[in-house]
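One-letter residues, chain by chain:
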Amino acid sequence: MKTCLTELVIAGLYYTEEMPRSKLFYYLFLLDYVAQAKLGEPLTGLQWKKYHYAIYPDNRHDVQNVLDELINDVKIIAQEGQKYKLINKDEAAKIVNNLKKDVLTVIEKVAKIVKEKSDRELLELIQQLEGVRDIPCMTPIPLYRAKLPKELE
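So, how was this worked out
- Residues numbered from 1 in each chain as written.
- Predicted model: local features only at pLDDT ≥ 70, side-chain atom pairs only at ≥ 80, totals over all residues.
- Heavy atoms only, no water.
- Phe/Tyr/Trp six-rings, centres within 6.5 Å; stacked < 30°, edge-to-face > 60°.
- Buried < 20%, exposed > 50% of the residue type's maximum accessible area, 1.4 Å probe, protein only.
- Lys NZ or Arg CZ within 6 Å of the ring centre and 35° of its normal.
- Pairing = 2+ DSSP bridges.
- Helix = DSSP H or I, 4+ residues; strand = E, 2+ residues; numbered from the N terminus.
- Contact = heavy atoms within 4.5 Å.
- Axes fitted to C-alpha atoms, helices over the stretch in contact; angles between N-to-C directions.

J.: So what about the packing of aromatic side chains? Which residues, and what values?
T.: Under the defined criterion, the tally for this structure stands at 5 aromatic pairs. Ring plane angle 90° and centroid distance 5.1 Å describe the contact between Y14 and Y15, whose orientation is recorded as edge-to-face. Looking at Y15, the relative accessible area reads 25%, which means it is partly exposed. Aromatic ring contacts, followed pair by pair, group F25, Y51 and Y56 into a single cluster. The ring of Y56 has R60 lying over it, and the distance from NZ or CZ to the ring centre is 4.3 Å. Sitting above the plane of the Y14 ring, K89 keeps its charged end 4.8 Å from the centroid.

If you want it as structure tokens, here you go:
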């Protein structure tokens, strides 16, 4: 059920309006985690690893390429300091409205949590998840073990 990374980034910014890069990575990870638990497979196609103070995909350059395209080529988002902001809500709405309903449900849930929590709170939430909390640093995260805590259901 892979969904285009560009669409996922746009949808996240559509619902949150802005995110720093760290929150964007947490959003994408939580999308994969929640989608794995609810839909049976992750959405992004990214491979995640746990680090001491963060969660990053092995292929971070894919995310950066998407951001560069959305900033420079199609001008749907802008970068202001460390934050990425949605600047073309109408164009973003067209993309979001074409997403599958079950995918959109996951995006809305995750975006709401990302918008409400600080970077630190999101990292603490992620570090307590099944399949994340009990693996060593620099290890790929086994998403197939995803089990949702109440706050992500």
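J.: Can you break down the sheet that holds strand 2 (residues 48–50) residue by residue, with the values?
T.: Spatially, 3 strands are ordered 3-2-6 in an open sheet, and the strand pairing comes out antiparallel. At either margin of the open sheet sits one strand with a lone partner, and together these are strand 3 (55–57) and strand 6 (139–140). Judged from the 3 bridges that link them, strand 2 and strand 3 form a sheet pairing that is antiparallel. Directly across from W48, in strand 3, lies its bridge partner P57. Sitting on the sheet, helix 2 (residues 21–39) is in contact with strand 2 and strand 3, with an inclination near 80° to strand 3.

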